[in-house]
Structures are given as C-alpha cells and as structure tokens.
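Chain by chain, the residues run as shown.
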Amino acid sequence: MYIAVDFDGTIVEHKYPSIGKEIPFAVMTLKKLQKEGHQLILWSVREGELLDEAVEWCKERGLEFYSVNRDHPGEGMEPTDGARKLCADMFIDDRNVGGIPDWGVIYQVVHDGLTYAEYYRRLFNSQPLEKSSFWSRLTGKSER
C-alpha cells in the first residue's frame, strides 16, 4: 500500500514550527510497515527549510520515505499556493475524526488489512452493529 503519513501531531508531538518529541512507537511502527513492503509518503504542511528539518529528523532515526509531499519521487511540485492532493491508499494523520489511534492499533489495522470497525469488533469480540438510518441515530427513535 501507499501510505501518506503526517509529521506534526502524528510522528512527533505537535510543536510546529519546532519539532516535538517523538510519539511513542511512531518511527518503529513506520519502519516495520516499510519492511513489510508498504511505501510511505511524508505528507506535511511543512515546506522549505521546515520540511527539510522534518525529513532530516526522520533520516537520523533510520526512517526514509518513498516520497515527500508528492505521489512519487522526482515529481515536480507546482507553486505551493494550491492544495496538494496525494494518491494514497491510506492516510495516517492526527486530524482524523476521533484523532489518531495508538501506533499499535495503526500497525494492526494496516498489517491485517482491517477497517477500524473490524479492528474494534475483533478487539471486543462483538457482533456487527445493526444498521439504522441517520435520522433514527440522530433522534434515538426507531422508525419502525
């Protein structure tokens, strides 16, 4: 899989423009995913010197990315006044709905090819939830 990974708040604590402390197990997990054949793309709002510092921080810890802020290495970047949209199979970012899960959970989801719902069903050995309409979930009333 091609996996886009944010830097601030995901690999390191959010201290932008400084670099925060590593979030426990982030680098180790990402390196393990690389060994399993996944292509990692650093996907960050950082640009210029700040981006170079983040890339160097990762390299010092043995984490090198397939590409940085682009789909493939060597692709040119257009002027940065527009939005970057990557073609990735998965995005790991602290701005997900519900925030970023523990890196152990992230590894398990990627390694086993699960959705979060499947992961939590396995974790709690529960039955799938019955589907209900948006309106009944919103109001708490059954439509039957």
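Treat the numbers as computed from the prediction; the structure is a model and nothing was measured.

**Some remarks on helix H1 (residues 26–35)**
Owing to its 3.6 residues per turn, the α-helix aligns residues three or four sequence positions apart on the same side. By the burial criterion, the buried members of H1 are Ala 26, Val 27, Thr 29, Leu 30 and Leu 33. For H1, the angular spread of the buried residues around the axis is 165 degrees, confining them to a single face. Opposite the packed face of H1, turned more than 90 degrees from it, sit the exposed residues Met 28 and Lys 35. Once H1 ends, the next one or two residues include Gly 37, with phi positive near 100 degrees.

**Considering the sheet that holds strand E1 (residues 2–5)**
Across the sheet, 4 strands lie side by side as E3-E2-E1-E4; this open sheet has parallel pairing. In the strand order of this sheet, the two ends are held by strand E3 (67–68) and strand E4 (90–92), each with one partner. In terms of strand pairing, E1 meets strand E2 (residues 39–42) through 4 bridges, oriented parallel. The partner of Ala 4 across the bridge, within E2, is Ile 41.

**Details of the pairing of E2**
Regarding the hand of the β-α-β motif, the stretch spanning E1, H1 and E2 is right-handed. Remark: the E2/helix H2 (residues 48–60)/E3 crossover connection has right-handed handedness.

**Re a negative patch on the surface**
A cluster of acidic residues, Glu 49, Asp 52, Glu 53, Glu 56 and Glu 64, forms a negative patch on the protein surface. A relative accessible area of 62% means that Glu 49 is categorised as exposed.

**Comments concerning the pattern of salt bridges**
For the coordinates displayed, the defined rule picks out 4 salt bridges. Between Glu 60 and Arg 61 there is a salt bridge, with the nearest N and O atoms lying 3.5 Å from each other. Residue Glu 60 is classed as exposed on the basis of its relative accessible area of 57%. Among the salt bridges present, the one from Asp 94 reaches Arg 95, with a minimum N-O distance of 3.5 Å.

**A closer look at the nonpolar core**
If you look at the biggest cluster of nonpolar residues, it comprises 24 residues, and the most contacted ones within it are Val 5, Phe 7, Ile 11 and Leu 30. Every element with two or more residues in this core is listed here: E1, H1, E2, H2, E4 and helix H3 (103–112). Top contributing element to this core by residue count: H2, with 5 residues. In this structure, Phe 7 is in contact with Val 12, Ile 19, Leu 42, Trp 43, Ser 44, Arg 46, Ala 54, Trp 57 and Cys 58, ignoring residues within four places of it in sequence.

**Here's the deal with the packing of aromatic side chains**
A full pass over the atoms with the stated rule returns 5 aromatic pairs. Ring centres of Phe 7 and Trp 57 lie 5.8 Å apart, and the angle between their planes is 75 degrees; this geometry places the pair in the edge-to-face category. Placement of the pair is Phe 7 in the loop between E1 and H1 and Trp 57 in helix H2, with a sequence separation of 50 residues. A ring pair is formed by Tyr 120 and Phe 124, whose centres lie 6.5 Å apart and whose planes are at 15 degrees; its orientation type is stacked. Remark: Phe 124 and Tyr 120 occur in helix H4 (residues 116–124); sequence separation between them is 4 residues, near one turn of the helix. Among the residues examined, Tyr 120 registers a relative accessible area of 36% and is labelled partly exposed. Take Phe 124: its relative accessible area is 57%, and that puts it in the exposed class. Taken together through their ring pairs, the aromatic side chains of Tyr 119, Tyr 120 and Phe 124 make up a single cluster.

Cut-offs used in this document
Residues numbered from 1 in each chain as written. Predicted model: local features only at pLDDT ≥ 70, side-chain atom pairs only at ≥ 80, totals over all residues. Heavy atoms only, no water. Buried < 20%, exposed > 50% of the residue type's maximum accessible area, 1.4 Å probe, protein only. Helix = DSSP H or I, 4+ residues; strand = E, 2+ residues; numbered from the N terminus. Arc of directions from axis to C-beta. Pairing = 2+ DSSP bridges. Right-handed = clockwise from strand over helix to strand, strands pointing away. Patch = residues over 30% accessible without salt bridge, like charges linked within 9 Å, V, L, I, M, F, W, Y side chains within 5 Å. Areas by Shrake-Rupley, 256 points an atom, 1.4 Å probe, with all protein chains shown as cover. Salt bridge = Lys/Arg side-chain N within 4 Å of Asp/Glu carboxyl O. Lys, Arg positive; Asp, Glu negative; His and termini not counted. Charge placed at Lys NZ, Arg CZ, Asp CG, Glu CD. Core = buried A, V, L, I, M, F, W, Y, C linked by side-chain atoms within 4.5 Å. Contact = heavy atoms within 4.5 Å. Phe/Tyr/Trp six-rings, centres within 6.5 Å; stacked < 30°, edge-to-face > 60°.

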